[in-house]
Amino acid sequence: MSNAVYLTLQNGTRFMGKRFGADGDVLGELVFTTGMTGYIETLTDPSYYGQIVIQTFPLIGNYGVIPSDCESKKPWVSAYIVREKCDMPSNFRCELTLDEYLKKSGIVGVYGIDTRELTKIVREAGVMNAVISSKPVKDFEKLESFSIKNAVKSVSCSQVEYFGSPDGLKIAVWDFGAKDNITRELVKRGCYCIKVPSSYTAEQILALEPQGLMLTNGPGDPSENFEIIKNLKKLAGKLPIFGICLGHQLFALAMGGKTVKMKYGHRGSNQPVKNVKNGRVYISSQNHGYEVLSSSLVGRGELSYINANDQTCEGFNYPALNAFTVQFHPEACGGPRDCAFLFDKFIKNVREGKYNA
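Worth saying up front: this structure is predicted, and the values here are computed from it rather than measured. (Residues numbered from 1 in each chain as written. Predicted model: local features only at pLDDT ≥ 70, side-chain atom pairs only at ≥ 80, totals over all residues. Heavy atoms only, no water.)

Enquirer: Before we move on, can you summarise the sheet that holds strand β19 (residues 323-326) with the specific residues and values?
Expert: On the basis of which strands lie adjacent, the open sheet formed by ten strands has the order β10-β12-β11-β13-β14-β19-β18-β17-β15-β16 and mixed pairing. The open sheet has two edge strands with one neighbour each: β10 (161-163) and β16 (281-293). Averaged over all pairs of adjacent strands, the angle between their axes in this sheet comes to 20 degrees, without regard to strand direction. Sheet topology note: the strand β14 (residues 241-244)/β19 ladder contains four bridges and is parallel. Within β19, the residue paired with G243 across the bridge is T325. Sitting on the sheet, helix α6 (residues 180-188) touches β10, β11 (169-174), β12 (191-196), β13 (212-215) and β14, and the angle it makes with β12 is about 155 degrees. (Pairing = 2+ DSSP bridges. Helix = DSSP H or I, 4+ residues; strand = E, 2+ residues; numbered from the N terminus. Axes fitted to C-alpha atoms, helices over the stretch in contact; angles between N-to-C directions. Contact = heavy atoms within 4.5 Å.)

Here it is as structure tokens:
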């Protein structure tokens, strides 16, 4: 078949599928996400930079592509793998098919692969590198040596951007690979958001005279961001802080904590998180391959949320610094919306002006 393609895993396992989207060979880190919907948000989430994404739900593309639902200006996945693609989507807001969108964006797609079997391999063996190619791979050296580098720098904005009314609460949004709905949720609550590049220093951020600081999501190994961590140490306690996903991890590192790479991470819109104080469980959207070791932060704050499946750290409060962070995504545009109240908590902190609470 003319559109035949090979997916070769780092452990030597090989699958044959069919191409859609853009042509070309691609190398990346192979991960899976379990969301039944929200594939537009998945494709355009900068946290997927450098990764080949497997959708575990068998049919993808049934409501087409709706540009206004995108979380950034373009898709960031290295490649996209589905069991079955839908070429005849049905939605009154649809503007493109999934195939057309991937072609337009230069993203390689693969369909016709047993994604159930593929996901089970990743789940059991752990995240690994993979290559999509027109011919069988014989030389594994490049495949084995691949790693995601300069992730945050590659996805962060290059210049300052403004959102909302200048009359609102002034929030500095430190962009490590921000999803657009973070700023939308803040603007909706009356904030004036100043989104700044990841390269900004603590002094540059404070010079904006913000009333609060948002630490956004983003891709890659958090421990590689030495300069950001150094600047975060200077900002801690100077103004109210809310961190999401990578922002959660970076703040923990700035506070002397540790992060480790997970076996296969949490990716999808059905992750249960438990409030450790009252036992209430929320369903959350997540996309991360690293976790904060809560034991490394003993005495620096208090654990707020854990994952109900594996008990990993999902949130941490730092009362003395008027800061709190979560691993999951309360801004989840594709749903669920259980944890949107955390934005209200942040706004309350900012309005109360507790700069060294």
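Enquirer: So what's going on with the pattern of salt bridges? Residues and values would help.
Expert: Going through the model one piece at a time under the given rule, you end up with 17 salt bridges. As a salt-bridge pair, K179 and E331 come within 3.1 Å of each other at their nearest N and O atoms. With a gap of 152 residues between them, K179 in the loop between β11 and α6 and E331 in the loop between β19 and α10 (341-352) connect regions that are remote in the sequence. A residue is classified by how much of its surface remains accessible, and K179, at 7% relative accessible area, is buried. Look at E331 and you get buried, because its relative accessible area is 0%. One continuous salt-bridge network, built from bridges that share partners, spans E185, K188, R189, R337 and D344. (Salt bridge = Lys/Arg side-chain N within 4 Å of Asp/Glu carboxyl O. Buried < 20%, exposed > 50% of the residue type's maximum accessible area, 1.4 Å probe, protein only.)

Enquirer: Lay out the side chain of Q55 with the relevant residues and their values.
Expert: Within the secondary structure, Q55 sits in strand β4 (residues 51-55). Of note is the side chain of Q55, whose polar atom sits 2.8 Å from the side chain of Y80. Sequence-distant contacts of Q55, defined by excluding residues within four places in its chain, comprise T33, G35, Y39, T42, I60, Y80, I81, V82 and T115. (Polar contact = N/O pair within 3.5 Å; in protein donor to acceptor, adjacent residues only side chain to side chain.)

Enquirer: Got a sec to walk through the pairing of strand β1 (residues 4-9)? Specific residues and values, please.
Expert: With respect to burial, β1 is a largely interior element, six of its six residues being buried. Residues A4, Y6 and T8 line one face of β1 and the alternating positions V5, L7 and L9 line the opposite face, and both faces are buried. The sheet contact formed by β1 and strand β2 (residues 14-21) spans five bridges and is antiparallel. Across the sheet, residue Y6 finds its bridge partner in β2, namely M16. Two elements, β1 and strand β9 (residues 128-133), share four bridges in a ladder whose sense is antiparallel. Within β9, the residue paired with L9 across the bridge is A130.

Nothing here speaks to function; it is all geometry.
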